[in-house]
Each structure stands twice: as C-alpha cells, then as structure tokens.
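This is what each chain is made of:
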Amino acid sequence: MGTDSNTSKWWDGLRRAVPCDAALAVLVLQPLLFLLVLPLQPTFDDWTYLTSPHPGTFDISLFLPDTYWRPFDALLGYVLGRYPALFPTLNHVIILLLHMANTLLTASIARRLGFSRRATDVTTLFFFLSPGMLGTVLDIDSMNQAATLMWGLTAIFLSFGTQKHRFWMCMALLLSILSKENGLTFIVIIPLLLYVFRRRSGQQAVAVAGPLIAVGMAYLVLRLSLPHSHADLSDTAGVYLQGGLTQRLRNIGMYLGFSWVPVDFVGLLHAPSRKIVFIVATLVAGLPLLVITAWRSGRHLLDREVIGLLLCSLVAVSIHLATIFTVMHTYAGLPFIALIMGYLHRYAGKGNEYLLAFLLWIACVMMVALRHTIKAEASGRIGASMARKVLKQSTKESDRVLVVIIEDTAPHYSMFCVRPSDAFGWGLAVRHATNYQWPDSIDNTFINDDNATKTDSIAQNALSQGYDAVWIVKKNKVFVKEGGIR
C-alpha cells in the first residue's frame, strides 16, 4: 500500500513539474525516437563539417572565427577525433536531447503566455512532431541549429522573470549566438514577444532589449578581435546571395510549406521517389487540422498575438530566407508556428471534428517522418556499402588516395536522398569504416565522362605522381586501382 502511495505521489509530482500532458508524453516516448534515429549514418555535409571527427593534434584554428564561428561544433569534432567510434551516435544523442529540451521549453513558454493546458498540448505536439523538425532531428551536423534554439528559448523563458533574471537571460543569449550566428535574432524576438503578449509595456520591452543589444555588440567585438575573424566572405557571398528576389520569395514559400503543410516532401521534391498516392494521402490527412483551425478562428487570425508570433518566426529564419534556405532551417521558426496553433486552439479546438483532425494530422506527420527516416537510412547505407567495396578490393592500407568521381546529375533532396558520391563522402566513408586509421590524405577530381580510357589514364598518372591508390566512383560503384605493393 505504501509503495502504491509513493508511486502515486511521484507520478503526481512529475505531472506538476511538466507544463502539460503532451510534454509528459514526449518524455515517455523519447526513447522510441532514439531507436528510430540512432541507426542513421553520415552523408553529404556530415562528412566534412566541424561536427565530424577531427583526428590528429589539437587545431586551435577550428575554434576561431572564420566564415562561421561555431566553437561548440568544433569541440564536438575534437572529442570525436579522440573517440571516433562515437561518430555519429554521439551527434544523434545530443541533437535528440536538444530537441526534447526545445519541446519542453516551448511548452513552458506557452504556459507563461497564458495558454490553457490543452492549448499547450497542441503547441507541444505540433513542435515535437511537425515535419519542419525533420531536417534537424534526422541530421548529424545540426547540433548548432538545435542548440541555438534551445539557448534562445531559454532566454525567452528567463525574460518573463524579474530583474534578477536579466543576467542569466543575457548569458543564455550569448550561448545561443555562439552556437550559431542566427542566435542574434533573439535580440529582436524577445522584446517583440513580450510586447505583443502584453507581458511588458513598450517602454519595458525596450528596456529588456537594451542588455540584449549589449550582448550582441559584445559578441561582434569579440569575434572581430580574435584571429581569423576577417574571413574572405567574397568566396561564399556569391553562393549565399544568388537568385535575387525570385530566390527570396521561393525561400519564404518553402519555409511556410515546411512549417504548415504536412505532406510527403520526399515525393514532392525528389522525382525518383515520387509516389502520387502517398503524396495525396498525406495531404488529405494533414490539411483538415489547418483548414478547421483557419475557418473557425476567422478574424482572430489577425489578432496581434498571431501577427506577432508570425513576425517572430520570420525574424528567426530571416538570415536563412535572405541567403540559402533548406528544410533544416525551418526548425528555427517552428516554436513560434507551434505557438500560433496553440493560441488559435481557444477558438478552433472544440468538438470531435477538431480532435479527429488532430489525430489525422498526427498520423500524417508520423507517416511523413517514417518516410524521411527510411530515405535517410538508405542514403547512409549506400555510403557504408561503397566503403566496404573499397576495403574488399584493397590489398593494402593507402595513406594518400585520389578519388575520381564521374559526375552524377541525378536529382537529390537535402540529406534524405543524396547522390551515391555524396553518401560516400567523396572517399571519407572509408576513413570512417577504418575507424579513422587510413587514408591520411584524400583528394578529389570530378569528370563528366565515364570513358574507361580516360579514367585509366587519370589513375595511372595519379599513381605515377605518388598516390597509393585511386578510387573511381561511378554512381554506387567503386573501382580501386593501386600502385606497387609496399
């Protein structure tokens, strides 16, 4: 009897500690998400970014500002360089824990904004499950995206407190900016949110903005004062700013689509994976919730709270909308989209129709998430398979390798559906397969002609120049040519 009583007290205490029932469900179901995500292997940028293993001696330049300044990413890469067997499992664990923290913080902010427990449930589930989170949660190099949001949401949560919380709010903002540069957007988001929800007057919101601006200025001074801070951005500016107004409008459309419409984006954006029936099924299952919410909310869609949250979401992703936007970047604005859904729940959330629509939406996003997970796993498996082919054909360990890649024009979609050469990491998958023992040096050359005579000529020339081996990549096939046996 005593044991049952203690269990009941523990459970009641846990329920009081979390913001809503959905947050409690997130804590209980999180292990299932771990089981789903942990098998995913690196592809594409995962192989080359700071959060991949960096073996060898300590390199301070990785921690200093350059085009980017992501010291926490560099720290993870350094740890993985010491313990490469942890890659990419450690990446997945950190990102999933950050997503769970962001979910709980979003729920806590909803409660601070006066949402009911049921409205907070809607907010929590929309953020935790929305397809807009897939580009971050299923990725391997997205720790910065999840961490900058976590510290930014922490700063928002602390902004509701008293004057004594201001210091910790500023520290959270600094950690957000150091995680990724778009943490700077919270300098605008925090006072805007406080003012829109009448938690502060206009004068008080400006007073809150003062210390936040000071933190942003201190960050910029520090960044410009450190070595390598004056990066030559001209090399990348053309890539980030290309496309003009058309590209910017396309970015906004992609952001709103990824945030609001749960549909099979794999099929929509990757023609070889297109299944019309599945696209239609997910669209039919996902839209009723949005239609009912918009229809029943009516004029409340123009409430200052809704407009304010929409502005917060656009500010959160503004840097990406102005440059290059991918599905991963949706994550930055997703809490505010989820808060809009929670806010509108008070007008739209009554009746069995809404409950049925919400359940259909959950079923839809779970199907979409499973489809994306399967595709991401398949891409990673291709890279691992190609690495095994190299090891099977190799008769010796090669220190210096040239990878000849016959260019593949097949369409791709983010990191979910990548070309085989990208899954192969342009040879880096072999280094991963050997636990980063070899090769020490990997060079790449790309050709658009798979003529055997041409590839043989390139291989022989490379071997005569001192390369230990040449790996010729044609789609998912790899052919190994080696120099003399040592």
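K.L.:
How should I be thinking about empty space enclosed by the protein in this particular structure?
P.N.:
What the rule picks out here adds up to 2 cavities of 30 Å³ or more. In this structure, the largest cavity occupies an estimated 60 Å³ of space. Around the largest cavity sit L40, Q41, T43, D46, L138, D139, I140, A376 and M415, which together line it. The residue makeup of the lining of the largest cavity, split by class, is 5 nonpolar, 2 polar and 2 charged. Lining the second largest cavity we find Q145, T148, L149, N182, T185, F186, A316 and A332. A total of 3 residues in the lining of the second largest cavity trace back to one element, the largest contributor, which is helix α7 (residues 143-159). A class-by-class count of the residues in the lining of the second largest cavity yields 4 nonpolar, 4 polar and no charged.

K.L.:
Any chance you could explain the layout of surface pockets here in plain terms?
P.N.:
Summary: where empty space remains is shown by rolling a probe the size of a single water molecule over the atoms. Estimated volume of the second largest pocket: approximately 720 Å³. Surrounding the second largest pocket, 27 residues form its lining, L29, F128, L129, I362 and M366 being those nearest its centre. Elements with a minimum of two residues in the lining of the second largest pocket: α2 (21-37), α5 (117-129) and α18 (352-393). Here the element with the most residues in the lining of the second largest pocket is α18; it accounts for 10 residues. Taken together, the residues that form the lining of the second largest pocket break down as 22 nonpolar, 3 polar and 2 charged.

K.L.:
What should I look at first to understand the pairing of strand β1 (residues 400-406) in this one?
P.N.:
Consecutive residues of a regular strand have side chains that alternate between opposite faces of the sheet. Of all 7 residues in β1, 6 are buried, a share of seventy percent or more. Summarising the sheet, β1 and strand β2 (residues 441-447) pair through 7 bridges and their orientation is parallel. By the bridge assignment, L402 is partnered in β2 with D443. Two elements, β1 and strand β3 (residues 469-474), share 6 bridges in a ladder whose sense is parallel. Of the residues in β3, the one forming a bridge with I406 is K474.

K.L.:
Explanation requested: the sheet that holds β1 in the structure shown.
P.N.:
Think of a sheet as strands paired side by side through backbone hydrogen bonds, with each pair either parallel or antiparallel. If you trace the 4 strands from one edge of the open sheet to the other, you get β2-β1-β3-β4, paired in mixed fashion. Single-partner strands in this sheet number two, and they are β2 and β4 (477-482). Direction aside, the axes of adjacent strands within the sheet are offset by 20° on average. α18 rests against β3 and β4 of the sheet, and its axis sits at about 30° to β4. Here helix α21 (residues 452-464) sits on the sheet and contacts β1, β2, β3 and β4; the angle it forms with β3, its principal contact strand, is near 155°.

K.L.:
When you look at α2 in this model, what are you seeing that I'm missing?
P.N.:
Because an α-helix completes one turn every 3.6 residues, residues spaced three or four positions apart along the sequence face the same direction. Given a rise of 1.5 Å per residue, 17 residues ought to cover 24 Å, and the 24 Å separating the end C-alpha atoms of α2 matches this to within 8%. Within α2, the axis deviates most sharply at L29, by approximately 45°, and proline P31 lies no more than four positions further along. Where α2 is concerned, the buried positions are A22, A23, L24, V26, Q30, L33, F34 and V37.

K.L.:
Please clarify how the packing of aromatic side chains should be interpreted in this entry.
P.N.:
The way to describe two aromatic rings as a pair is by their centre distance and the angle between their planes. For the structure shown, the criterion picks out 18 aromatic pairs. Measuring from ring centre to ring centre gives 6.5 Å for F115 and F197, while their planes differ by 50°; the resulting arrangement is tilted. Here F115 is found in the loop between α4 (89-112) and α5, whereas its partner F197 is found in the loop between α9 (186-196) and α10 (202-225), with 82 residues between them in sequence. Seen in terms of ring centroids, Y413 and F416 are 5.3 Å apart; in terms of plane orientation they differ by 35°. Their pairing is tilted. F416 carries the same exposure label as Y413, and that label is buried. Within the aromatic cluster, the residues linked to one another by ring pairs are F126, W260, Y354, F358 and W361. Its end group placed over the ring of Y195, R304 keeps NZ or CZ at 5.0 Å from the ring centre.

K.L.:
Sorry, what's going on with the side chain of H372 here?
P.N.:
Tracing the backbone shows H372 in helix α18. Among the polar contacts listed, one links the side chain of H372 to the backbone oxygen of V368, at a separation of 2.8 Å.

K.L.:
I'm lost on the pattern of salt bridges in this one. Help?
P.N.:
Here the idea is simple: oppositely charged side chains can pair when their charged atoms come close. Counting across every chain of the model gives 8 salt bridges. For E377, the salt bridge identified is with R381, shortest N-O distance 2.7 Å. Of this pair, E377 and R381 both sit in helix α18, 4 residues apart, roughly one helical turn. Residue class for E377 comes out partly exposed when judged on its relative accessible area of 28%. Where salt bridges share partners, they join R70, E181 and R223 into one cluster.

K.L.:
Hey, could you run me through the environment of P288 in this one?
P.N.:
Position of P288 among the secondary structure elements: in helix α14 (residues 276-297). For P288, a relative accessible area of 25% translates into the label partly exposed. A sequence separation of 68 residues divides P288 from L356, and the C-alpha atoms of the two residues are 9.0 Å apart.

K.L.:
Hey, could you run me through the nonpolar core in this one?
P.N.:
A general tendency of soluble globular proteins is for nonpolar side chains to be buried together. Counting residues in each nonpolar core, the largest one holds 121 residues, and the members touching the most others are I156, I190, F336, F416, F424 and W471. Here the element with the most residues in this core is α18; it accounts for 13 residues. When near neighbours in sequence (up to four residues on either side) are disregarded, I190 contacts A155, I156, S159, M169, V208 and L212. If you look at the next biggest cluster of nonpolar residues, it comprises 10 residues, including I406, A462, Y467 and V470.

So, how was this worked out
Residues numbered from 1 in each chain as written. Predicted model: local features only at pLDDT ≥ 70, side-chain atom pairs only at ≥ 80, totals over all residues. Heavy atoms only, no water. 1 Å grid on protein atoms, 1.4 Å probe; cavity = no way out; pocket = protein on both sides within 12 Å on 5 of 7 lines; lining within 4 Å. Points joined across faces, edges and corners; volume = space filled by probe spheres on them. Nonpolar A, V, L, I, M, F, W, Y, C, P; charged D, E, K, R; others polar. Helix = DSSP H or I, 4+ residues; strand = E, 2+ residues; numbered from the N terminus. Buried < 20%, exposed > 50% of the residue type's maximum accessible area, 1.4 Å probe, protein only. Pairing = 2+ DSSP bridges. Axes fitted to C-alpha atoms, helices over the stretch in contact; angles between N-to-C directions. Contact = heavy atoms within 4.5 Å. Expected span 1.5 Å × (residues − 1). Bend = angle between axes of the 7 residues up to and from the residue. Phe/Tyr/Trp six-rings, centres within 6.5 Å; stacked < 30°, edge-to-face > 60°. Lys NZ or Arg CZ within 6 Å of the ring centre and 35° of its normal. Polar contact = N/O pair within 3.5 Å; in protein donor to acceptor, adjacent residues only side chain to side chain. Salt bridge = Lys/Arg side-chain N within 4 Å of Asp/Glu carboxyl O. Core = buried A, V, L, I, M, F, W, Y, C linked by side-chain atoms within 4.5 Å.

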